[in-house]
Every structure is written in structure tokens, then in C-alpha cells.
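For reference, the chains in residue letters:
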Amino acid sequence: MAASSQSGSSRKFWWLGLGIVLVIAIYTGGWFYAASQLKDTVLKAIAPRNTAGVSGECTDIDFRGYPFRIGLYCSKVDVDDNKNGVSASFGALRSAAQVYAPGHIVWELDSPAEIRTANGLTVNAQWANLQSSLITKLRGIDRTSTVIEGLKATAISSYDGQTINVDAGRTEIHLRQNEGDLDGAISLQDANTVIKDWPQVFPKFSASADVTLAGKAGMVDGSDRQGIYGANGELRKVVVDIGDGKVMTLTGPFSFDEQGFLSGKFKLEIEQLGPWRDSIKQAFPQVAKTVDTAAKLLKALAGGGERASVDLVVNRGEATISGFIPLGSIPPI
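Residues numbered from 1 in each chain as written. Predicted model: local features only at pLDDT ≥ 70, side-chain atom pairs only at ≥ 80, totals over all residues. Heavy atoms only, no water.

## Remarks on the overall build of the protein
Helix and strand counts for the protein stand at three helices and 20 strands. Classification of the 333 residues of the protein by burial places 38% in the buried group. Taking contacts inside the protein between residues at least 6 apart in sequence as the whole, the part at least 24 apart equals 52%. Accessible surface, the protein as shown: approximately 18,000 Å² in total, 57% of it carbon and sulfur. (Helix = DSSP H or I, 4+ residues; strand = E, 2+ residues; numbered from the N terminus. Buried < 20%, exposed > 50% of the residue type's maximum accessible area, 1.4 Å probe, protein only. Contact = heavy atoms within 4.5 Å. Areas by Shrake-Rupley, 256 points an atom, 1.4 Å probe, with all protein chains shown as cover.)

## What to know about the environment of Leu298
On the secondary structure map, Leu298 appears in helix α3 (residues 288-301). Relative accessible area serves as the criterion here: at 14%, Leu298 is assigned to the buried category. Taking the C-alpha atoms as reference points, Leu298 and Val310, separated by 12 residues in sequence, lie 8.0 Å from one another. Excluding residues within four positions of it along the chain, Leu298 makes contact with Ile270, Leu273, Ala308 and Val310.

## Brief notes about the packing of aromatic side chains
The final tally for this structure, using the stated rule, is one aromatic pair. Ring centres of Phe254 and Phe256 lie 6.1 Å apart, and the angle between their planes is 80°; on these two criteria the pair is classed as edge-to-face. (Phe/Tyr/Trp six-rings, centres within 6.5 Å; stacked < 30°, edge-to-face > 60°.)

## Looking at the pattern of salt bridges
The final tally for this structure, using the stated rule, is 13 salt bridges. Where Glu114 meets Arg116, a salt bridge forms, and the shortest distance between an N and an O atom there is 3.2 Å. In this structure, the salt-bridge partner of Glu149 is Arg170, at a minimum N-O distance of 2.6 Å. Placement of the pair is Glu149 in strand β11 (residues 140-157) and Arg170 in strand β12 (residues 163-178), with a sequence separation of 21 residues. On the basis of relative accessible area, Glu149 is assigned to the partly exposed category, the value being 28%. With a relative accessible area of 27%, Arg170 lands in the partly exposed category. One connected set of salt bridges, linked through shared partners, spans Arg176, Asp183, Asp210 and Arg236. (Salt bridge = Lys/Arg side-chain N within 4 Å of Asp/Glu carboxyl O.)

## What about unusual backbone geometry?
A cis amide bond links Ser111 with the next residue in sequence, Pro112, at an omega value of 10°. Structurally, Pro112 is set in the loop between β7 (101-109) and β8 (113-117). Positioned with a positive phi, Asp190 is a non-glycine residue whose angle comes to about 50°. Here Asp190 lies in strand β13 (residues 181-195). One non-glycine residue, Arg316, lies in positive phi territory at about 50°. Among the secondary structure elements, Arg316 is positioned in the loop between β18 (307-315) and β19 (318-321).

## Regarding the pairing of strand β15 (residues 232-241)
Where strand β14 (residues 205-213) meets β15, eight bridges bridge the pair, whose relative direction is antiparallel. Within β15, the position partnered with Ala207 by the bridge is Val240. As judged from the eight bridges shared by β15 and strand β16 (residues 247-256), these two strands associate in the antiparallel manner. Its bridge partner being in β16, Leu235 is matched across the sheet by Gly252. (Pairing = 2+ DSSP bridges.)

## Quick word on the side chain of Asp183
On the secondary structure map, Asp183 appears in strand β13. For Asp183, the side chain forms a polar contact with the side chain of Asn178, separated by 3.0 Å. Setting aside residues up to four positions removed in sequence, Asp183 forms contacts with His174, Leu175, Arg176, Asn178, Val211, Thr212 and Arg236. (Polar contact = N/O pair within 3.5 Å; in protein donor to acceptor, adjacent residues only side chain to side chain.)

## Re the environment of Gly230
Topologically, Gly230 is positioned in the loop between β14 and β15. Separated by 26 residues in sequence, Gly230 and Phe256 place their C-alpha atoms 5.2 Å apart. Once you skip the residues sitting within four places of it in the chain, Gly230 turns out to touch Phe256, Asp257 and Glu258.

## Notes on the pairing of strand β3 (residues 69-74)
Bridge analysis of strand β2 (residues 62-64) against β3 gives three bridges, and the strand direction is antiparallel. Across the sheet, the residue bridging to Asp62 is Tyr73, located in β3. Sheet analysis places β3 next to strand β6 (residues 93-98), joined by six bridges and oriented antiparallel. The residue of β6 that forms the bridge with Arg69 is Gln98.

## Structural notes on the environment of Ser263
In sequence terms Ser263 and Pro253 are 10 residues apart; their C-alpha atoms lie 8.8 Å from each other. Those residues in contact with Ser263, other than ones at most four positions away along the chain, are Phe254, Ser255, Val314, Asn315 and Arg316. A polar side-chain atom of Ser263 sits 2.9 Å from the main-chain amide nitrogen of Arg316.

Right, here's the structure in full:
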């Protein structure tokens, strides 16, 4: 009886051990599957895209955090979209999610970054720190939030030689699917923008933008097939503030054609024309006469007051005030 009892106990322990091994094997397989999904999801957040004609590569890929945390490390990230003619490269990537909440992913991305488009637009960027989080749903990414510290970016268009330089102490980008539309909110703090051959309106400033792209919810996770080309939307509000109540506000509808040119009719409102004029002249004394002329024109349009409202019209990249005062050209995206 004793031998039989020991034999029965041995079988129980054996089955128990086998069950533990199977559970570990299933859990491990699920963990690596979740890690693979983590990689795909983060790559889509970095460069939203379709799978057709698109390839993404994580150099020196390494999965970390087993068993209670799902982590991914890459020394470099490259994304190529052959269909839309876009390529991008970034520095090291670190991302992670808790096993009990795999749909909430946090990730960090190192600079430098370079993005090139078939229209000849090249963007080079550096930053001190980039952190992001995203929430997934059953069919893809529902929303993302990104914070960038110490951003320095240069955009160059081979189409017309246009160059735009942007520096910002802090940048926040929030995107979400709103039924079929894409809602976006962007803010810049301690920023400076220099546009080649444009009047340099701003010294250091803070700005925020609130925008909706109609029918483009799929751009968050790459399920949208056309991207920005042929899209239209509403610029609900862009606010630029250089302090002391000197504020510019821009609103209005816009669209991009199939070649990536911007068109739109915006309402530009300027508070405190006199202080704006003085601040710009102090920041950019080389354009003092031009600023005085523009300020007199705006004040006349405002009926002599300190608040002006004018139409800013963009027709396939050509920007004018009220349709007849040229500002410059905006290259295709």
C-alpha cells in the first residue's frame, strides 16, 4: 500500500510539473507574441502606414522585461513607404507595456531623425528627449500623446528651395480618432520659427493649434490609404502669443490636393497692433520699414483700432493677404 501511495503521489507531482511547464510555455509564447505586436504598434505610431508597400526595420532588436513587463529595444529605426514615396530614419527606440495592460504602451525615441518625401521635402530633427504613450483598441491605435523637449528641426524643399527652421523648448502632440475624423492638438513653448524669404514675424513665442481632418481617423494607425493627399479639414484655432497680450489667432477651412499643395481661406486676427509692431521691429530691425508699412495698412483696415482682422488666402501654396498682398510660397508636403 505504501508503494502504491508513493506511486500515486509521484504521478500527481509529475502532472503538476507538466501543467506548470505548459502554463509557462503558453505564457512565454503569448509574451513574445505581445512583444511582436508591441513592435508593430509602436512603428505604426512613429510612421502611420498601410502594410502594402511599407517596410519597417528595428536594428539590433531585443525583447526585454520578461515575465511581468513587455519591453522592446532597437538601436535604430528605419521606415520605408514605397507607395507614397516616404522614408524615415530615427535613433534608438525603447518601448514597454505591462502584461496586465498591453494596450497602454509607453515609448522613447532618440534623435537624430530624417524624413524624406517623393515631393522633395526633407526634414532633419534633433531633440533632447522624446517620450510618448498610446492607447490601442481592438482594430488599432485609438489615441497618442507625445512630448518632445529641446526640439530643433529644419525642413528643406527641393521643389522651390524653401527652408523652415523651428526650435522649441517643449512640444506636445495629441492625436485621437473621433468617429471617422482625426482630431489633433499641438502646442509649442519657447519656440522660434525662421522661414526663408518670408517676413520674420515672430521673436520667441508660444503657440497652440487645434485641428480636425475629415474622414482621416485611420491616419493614427495607418489604416487610411491616401494619407494627407486629397484631405480637407478645419483649423479650429491656432494661437500665437509673444507675451504681454500680443496674440495672433488663425482659423478656417483648408485642403490638400493630390500633389500635396495647401489651399485654404483663413481668418487672421491680431491683438495690439502697436505693441506687435514695436516688438517685431526690436527683434528684426532690418525689416523696420516693412513692418511700419504693414502696421499702417492693418490699422487702416481695423479702422484705426488696435485689433485687426484680415483674410489670409492660400491657393495651391501661394499665400496672400486678402488675395492681393503676396506673402510667399508654401511648398507641397
